[in-house]
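Fold and geometry: a report
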Amino acid sequence: MSASPASNSKVLSLAELAQRTGARLEGDGTVRITRVATLQDAGEGDISFLSNPRYRDEVAGSHASAVILAEDALDLTQVPRLIHPNPYACFAQVAQLLDPYPAAPPGVHASASVATTARLGANVSVGAHATIGEGAEIGDDSVIYPNVTIYPRVRIGARCIVHAGAVIGADGFGFANDKGNWVKIPQSGSVIIGDDVEVGANTTIDRGALADTLIGDGVKLDNQIQIGHNVRIGDHTAIAACTGIAGSTVIGAYCSIGGAAMIHGHISVADRVTIGAGAMVRQAITEPGGTYGGTFPIAPVRDWLKNVSHLRNLDRMNERIRALEKRLADSGK
Amino acid sequence: MSASPASNSKVLSLAELAQRTGARLEGDGTVRITRVATLQDAGEGDISFLSNPRYRDEVAGSHASAVILAEDALDLTQVPRLIHPNPYACFAQVAQLLDPYPAAPPGVHASASVATTARLGANVSVGAHATIGEGAEIGDDSVIYPNVTIYPRVRIGARCIVHAGAVIGADGFGFANDKGNWVKIPQSGSVIIGDDVEVGANTTIDRGALADTLIGDGVKLDNQIQIGHNVRIGDHTAIAACTGIAGSTVIGAYCSIGGAAMIHGHISVADRVTIGAGAMVRQAITEPGGTYGGTFPIAPVRDWLKNVSHLRNLDRMNERIRALEKRLADSGK
Amino acid sequence: MSASPASNSKVLSLAELAQRTGARLEGDGTVRITRVATLQDAGEGDISFLSNPRYRDEVAGSHASAVILAEDALDLTQVPRLIHPNPYACFAQVAQLLDPYPAAPPGVHASASVATTARLGANVSVGAHATIGEGAEIGDDSVIYPNVTIYPRVRIGARCIVHAGAVIGADGFGFANDKGNWVKIPQSGSVIIGDDVEVGANTTIDRGALADTLIGDGVKLDNQIQIGHNVRIGDHTAIAACTGIAGSTVIGAYCSIGGAAMIHGHISVADRVTIGAGAMVRQAITEPGGTYGGTFPIAPVRDWLKNVSHLRNLDRMNERIRALEKRLADSGK
């Protein structure tokens, strides 16, 4: 907790960036790079990249000191280049190497509460006012930001990032109804999180009722996501903010789930499925790799009110069409 | 804050479980029970239950050491049994008695901030970094988990559970518009929460503007729920995660509200109403006991785009049907 | 942190209220006012107001000791009055002057964590367990409630209010996909918040990837709102609870956005646009001042299921209508 805000900009030579990212260097490797920027915004000392072919025309006009390109775009510019099969992923690596944002310092902040039976791996960073419960485990190099709450027995893998305000391991929502009163079903399971997982700010992951809630390796969860008890999320699935997944649902690996999606409980979603923002998933999706959407479109409020009134009459409209078809058929038309 | 993670499993005889739950014992009461489990997963030392008739066939094949059954299912197995009119509620009680999860320790954690004018009942547990404001009151046996914020003057009843990150008593969202600028309307009310209420992780309950926000006895709120100022929720209503209730709305008693439902402000919902997940409630529901749904279904994205385009033309489709009906009528068909 | 809950009610004369709000006094200025209340609930010592013409008839019957009215309603009552062109805004000011709710005390709570390089303006209040990162800046008279997390370098203006559990400056959700694995794109930008902004409980505002996330002056954000990286929100826009705004979207000034709205990324919304609760905005709204709605209506579940089934067949229904039209046209009807 030292570095003043302005003291941590970094400078690397393009040759060094090539070496550390595995990219091939084209041109002058001594050019000094301090920052990543878009093709349009880049200037002296900046490195940019071309990933989306739509922006090919911007490469020649960019003022970047260096550009990351795929092999087939090699000749779009003559400034020093990094050639990489996945320019966007290479850009991400370069940006990590140059990132001026202060890193979370390893060690436990003096104000954090870590239970005596909790186990922290090497180089774990625990931020201010974070709370880690009895028997919890945090793997090497993980970062727990301030005000995070990790309930007892939760296990988190290596190289994870848990942003501020996240709550991992609170009780799942389980009650038996007894003549109108709710009797609490104790939530005796835990939450097991793999390696390289990121958990967004104020996201909540409940612990399981009997078995555990499971988050696979490489899963990325944005802010304000709710994961119900006994949910299982497959490796490398990414979920955007404000999404909710109800209890006991199983999400496959390599899925992409849009923001504010809502997924019912006790269903399964196959691997590599893409679900659009705001979609409400009520039934299992069994076919891997599909893309699903489903939101109601906005409209100027007058049009919306006019059209929405017919939604309550779709069954009746269908009947009227059928009646017309029948009358025409009867009349021999 | 002692017990190591593995040291708190419990063992009770079936006779003791019968006595403490009010169930009738059938068979050997000396069998020792250590865990609850599903009929399918249960093994030596486990007790299971039959609540849903769909699983009747699983009873005979279960390896559970004991089973909780209703009277009419008494003969489905010959293992020792607990007979109870509501097997699921009896199971919940048994699970509570056997729960190996470490209980929140009574007392105020050394890192918590409790205002000097706040009043805590007997056996209240206040977790790490929880904040309890001036004049707030917490009833006997309630548990406040870490990083919870309770604003001044909030009153919480007995046997409540407030999960980590919940915020109770923040300002309601009230502003008067003065030529485009927003003038804050102070929120002078409070939040009054009854007995036996559970509040999920990162749930927020705003205090009232003039009067108070009221949460009845036995209400169960899941994670990431937002309750606006001056809302009133009737006794024993259960609300699933990610639901929002806008200001001044009154929800009846014994309601069940699905996850991610959104309820407009200044409306009322009658007692014993069930609202499906994701439903947007725009108008009062005056009839008690009804069940309401309303979400837009997902579909493969190509089908969705094709169908959704017609939503903007429903009024036009209706007109076309009417025109056809008129032409057929005019032609005497 | 002193005042006992009952000791802070205030008493002002009507003349003093007139002077401090700029309203014109009609009648006895010595009447002593202790509380604001609705026309219906008001009694001895209370001041009420008439803003909505629907309630004109309630003025004469109100037991308020004073009423705030517009010029054209001057004669509705003979009790002492404040005459103001915007009675609701005047009421808000009066309510602020009388507000009995304990103010957040200036100064940094002993349990808060403020980085040594953070800069706090005059009279800033930092609540218990709040965390303010390296190089962050908080303007004069701002209030940071308990358990708020402000990441390094975030800048917050003067007279802001940040409610408990809010997280400002966590990483935006940015990853490059490399053969299924997600490579983190560092989020090197910050969050810049103007003056007079209110941020609700558990709201999250992510910092930008390269540039900054910007929140204009006078913006009011309710609880549990998610603002993605590089979003820009224009001055004096108000957003109700549970709304999500995805990355790089630009919202105009003086907009009103209903609760639980979801706004896609990389789009723009013009100034003075009103978006209804629950609406999903997928495309830019370029015309200033419009009002948009779009939610799917609830219905008794049986009706809903019946009608929703036709949503998947709208394209087919459209075809059937077209076929009928063609057959009738062909038959010369």
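Residues numbered from 1 in each chain as written. Chains lettered and ligands numbered in written order. Predicted model: local features only at pLDDT ≥ 70, side-chain atom pairs only at ≥ 80, totals over all residues. Heavy atoms only, no water.

**Considerations on the overall build of chain A**
Check the secondary structure of chain A and you find five helices and 37 strands. For 333 residues, the compact-globule estimate of 2.2 N^0.38 gives 20 Å, and chain A exceeds it by more than 25% at 26 Å. Principal-axis analysis of the C-alpha atoms places the extent of chain A at approximately 85 × 65 × 35 Å. Taken across its 333 residues, chain A has 60% of its residues classed as buried. In chain A, the proportion of contacts linking residues at least 24 apart, taken out of those at least 6 apart, comes to 20%. Carbon and sulfur atoms make up 49% of the accessible area of chain A, which amounts to about 12,900 Å² in all. A gap of 11 Å separates the mean positions of the 28 positive and 33 negative side-chain charges of chain A. (Helix = DSSP H or I, 4+ residues; strand = E, 2+ residues; numbered from the N terminus. Rg over C-alpha atoms; globule rule 2.2 N^0.38 Å. Buried < 20%, exposed > 50% of the residue type's maximum accessible area, 1.4 Å probe, protein only. Contact = heavy atoms within 4.5 Å. Areas by Shrake-Rupley, 256 points an atom, 1.4 Å probe, with all protein chains shown as cover. Lys, Arg positive; Asp, Glu negative; His and termini not counted. Charge placed at Lys NZ, Arg CZ, Asp CG, Glu CD.)

**Digging into the sheet that holds strand 7 (residues 81-83) of chain B**
All names here are of chain B. What the five strands build is an open sheet, ordered 2-7-6-5-4; its pairing is mixed. Each of the sheet's edge strands pairs with one partner strand only, and the pair in question is strand 2 (24-26) and strand 4 (35-36). Pairing geometry for strand 5 (residues 46-49) and strand 6 (residues 66-69), over three bridges, is parallel. Looking across to strand 6, one finds that isoleucine 47 is bridged to alanine 66. (Pairing = 2+ DSSP bridges.)

**Digging into the relation of the copies chain C and chain A**
Relating the two copies of this chain is a rotation about some axis coupled with a shift parallel to it. Superposing chain C onto chain A takes a rotation of 120 degrees combined with a translation of 0.0 Å along the rotation axis, leaving an RMSD of 0.1 Å. Here the copies are linked by what is in effect a three-fold axis. (Least-squares fit on C-alpha atoms with pLDDT ≥ 70 in both.)

**Describing the domain arrangement of chain A**
Reports of interface size often rely on the accessible area that becomes lost once the parts have come together. Parsing chain A into structural domains produces domain 1 (12-98) and domain 2 (301-330). The gap between the C-alpha centroids of domain 1 of chain A and domain 2 of chain A is 57 Å. (Domains from an automatic or database assignment.)

**Remarks on the side chain of threonine 295 of chain C**
With respect to the helices and strands, threonine 295 of chain C occurs in the loop between strand 36 (291-293) and strand 37 (299-300). Other than its neighbours up to four places away in sequence, threonine 295 of chain C contacts Phe296, Trp304 and Val308 of chain A, Met280 and Arg282 of chain B together with Ala277, Gly278 and Ala279 of chain C.

**Quick notes on the side chain of serine 113 of chain C**
Summarising the element assignment, serine 113 of chain C is placed in strand 9 (residues 113-114). Side chain to side chain, serine 113 of chain C and histidine 129 of chain A meet in a polar contact 3.2 Å long. (Polar contact = N/O pair within 3.5 Å; in protein donor to acceptor, adjacent residues only side chain to side chain.)

**Remarks on the packing of aromatic side chains**
Taken as a whole and judged by the stated rule, the model has 18 aromatic pairs over all chains. Ring geometry for tyrosine 88 of chain C versus phenylalanine 91 of chain C: centroids 6.0 Å apart, planes at 10 degrees, classification stacked. Residue tyrosine 88 of chain C and its partner phenylalanine 91 of chain C are both found in helix 3 (residues 87-98); the two are separated by three residues, about one turn of the helix. The ring centre of tyrosine 101 of chain B lies 3.2 Å from the NZ or CZ of arginine 207 of chain A, which sits over that ring. (Phe/Tyr/Trp six-rings, centres within 6.5 Å; stacked < 30°, edge-to-face > 60°. Lys NZ or Arg CZ within 6 Å of the ring centre and 35° of its normal.)

**Re helix 3 (residues 87-98) of chain B**
Residues spaced three or four apart along an α-helix face the same direction, because each turn holds 3.6 residues. Compared with the 16 Å implied by 1.5 Å per residue over 12 residues, the 16 Å span of helix 3 of chain B between its first and last C-alpha is a close match. Taken residue by residue, helix 3 of chain B has Pro87, Ala89, Cys90, Phe91, Ala92, Val94, Ala95 and Leu98 of chain B as its buried positions. (Expected span 1.5 Å × (residues − 1).)

**Looking at the interface of chain B and chain A**
On the side of chain A, 75 residues touch chain B, which itself brings 76 residues to the contact. Taken together, the two surfaces of chain B and chain A that pack against each other cover about 6,100 Å², and 62% of this comes from carbon and sulfur. Taken together, the connections running from chain B to chain A amount to two salt bridges. Linking arginine 320 of chain A and glutamate 325 of chain B is a salt bridge whose minimum nitrogen-to-oxygen distance equals 2.8 Å. Our count for the chain B to chain A interface comes out at 34 residue pairs in polar contact (both at pLDDT 80 or more). Counting only elements with at least two residues in the side of chain B that touches chain A, the list comes to helix 3, strand 25 (220-221), strand 28 (238-239), strand 37 (299-300), helix 4 (301-311) and helix 5 (314-330) of chain B. Among the elements that take part in the side of chain B that touches chain A, helix 5 of chain B stands out by supplying 10 residues, more than any other. In the side of chain B that touches chain A, the residues fall into 43 nonpolar, 23 polar and 10 charged. (Buried area = accessible area lost by both parts, 1.4 Å probe. Salt bridge = Lys/Arg side-chain N within 4 Å of Asp/Glu carboxyl O. Nonpolar A, V, L, I, M, F, W, Y, C, P; charged D, E, K, R; others polar.)

**Re the interface of chain C and chain A**
Residue-level contacts link 75 residues of chain C with 77 residues of chain A. Counting the contacts that link chain C with chain A gives two salt bridges. For glutamate 198 of chain A, the salt bridge identified is with lysine 184 of chain C, shortest N-O distance 2.9 Å. Counting every contact that joins chain C to chain A gives 35 residue pairs in polar contact (both at pLDDT 80 or more). Listed by contribution, the elements that provide at least two residues to the side of chain C that touches chain A are strand 19 (175-178), strand 20 (181-184), strand 35 (280-281), strand 36, helix 4 (301-311) and helix 5 (314-330) of chain C. The dominant element in the side of chain C that touches chain A, judged by the number of residues it contributes, is helix 5 of chain C, at seven residues.

**Quick look at the sheet that holds strand 30 (residues 250-251) of chain A**
Residue and element names in this part refer to chain A. Strand order in the open sheet formed by eight strands is 10-13-16-21-24-27-30-33, and the pairing between neighbours is parallel. On the outer flanks of this sheet lie strand 10 (119-120) and strand 33 (268-269), each paired with one strand and no other. Judged from the two bridges that link them, strand 30 and strand 33 form a sheet pairing that is parallel. If you follow valine 250 over to strand 33, its bridge partner there is serine 268.

**Description of the state of the cysteines**
According to the stated counting rule, one finds zero disulfides over all chains in the structure shown. Cysteine 242 of chain A forms no disulfide, and the closest cysteine sulfur to it belongs to cysteine 242 of chain B, at a distance of 8.5 Å. Free cysteine cysteine 255 of chain C: the closest other cysteine sulfur is in cysteine 242 of chain A, separated by 19 Å. Overall, cysteine 255 of chain C belongs to the buried group, its relative accessible area being 0%. (Disulfide = S-S within 2.5 Å.)

**Quick word on the pairing of strand 19 (residues 175-178) of chain B**
Regular strands place their side chains on alternate faces of the sheet. Residues and elements named next belong to chain B. Bridge count between strand 19 and strand 20 (residues 181-184): four bridges; the pairing is antiparallel. Within strand 20, the residue paired with asparagine 177 across the bridge is tryptophan 182. Here strand 19 hands over to strand 20 after two residues, with lysine 179 in that stretch at a positive phi of 50 degrees.

**Considering the environment of glycine 127 of chain A**
Residue and element names in this part refer to chain A. Of note, glycine 127 is situated in the loop between strand 11 (125-126) and strand 12 (131-132). Residue classification places glycine 127 among the buried residues on the basis of a relative accessible area of 12%. Taking the C-alpha atoms as reference, glycine 127 lies 6.5 Å from alanine 112; in sequence the two are 15 residues apart. The contacts of glycine 127, once residues within four sequence positions are left out, are His109, Ala112, Ile144, Tyr145 and Pro146.

**Concerning unusual backbone geometry**
Phi is positive for arginine 153 of chain B, close to 75 degrees, though the residue is something other than glycine. Mapping arginine 153 of chain B onto the fold places it in the loop between strand 15 (149-150) and strand 16 (155-156). Given a relative accessible area of 17%, arginine 153 of chain B falls into the buried group. One non-glycine residue, asparagine 202 of chain C, adopts positive backbone phi at about 60 degrees. Here asparagine 202 of chain C is to be found in the loop between strand 22 (198-199) and strand 23 (204-205). Classification of asparagine 202 of chain C as buried rests on a relative accessible area of 2%.

**Regarding the environment of arginine 24 of chain B**
Residues and elements named next belong to chain B. Assignment of secondary structure puts arginine 24 in strand 2. When its relative accessible area of 33% is taken as the criterion, arginine 24 is described as partly exposed. Residues arginine 24 and glutamine 226, spaced 202 residues apart in sequence, show a C-alpha to C-alpha distance of 42 Å. Dropping the residues within four chain positions of it, arginine 24 is found in contact with Glu71, Leu74, Arg81, Leu82 and Ile83. Side chain to side chain, arginine 24 and glutamate 26 meet in a polar contact 2.8 Å long. A polar contact is formed between the side chain of arginine 24 and the side chain of glutamate 71, at a distance of 2.7 Å.

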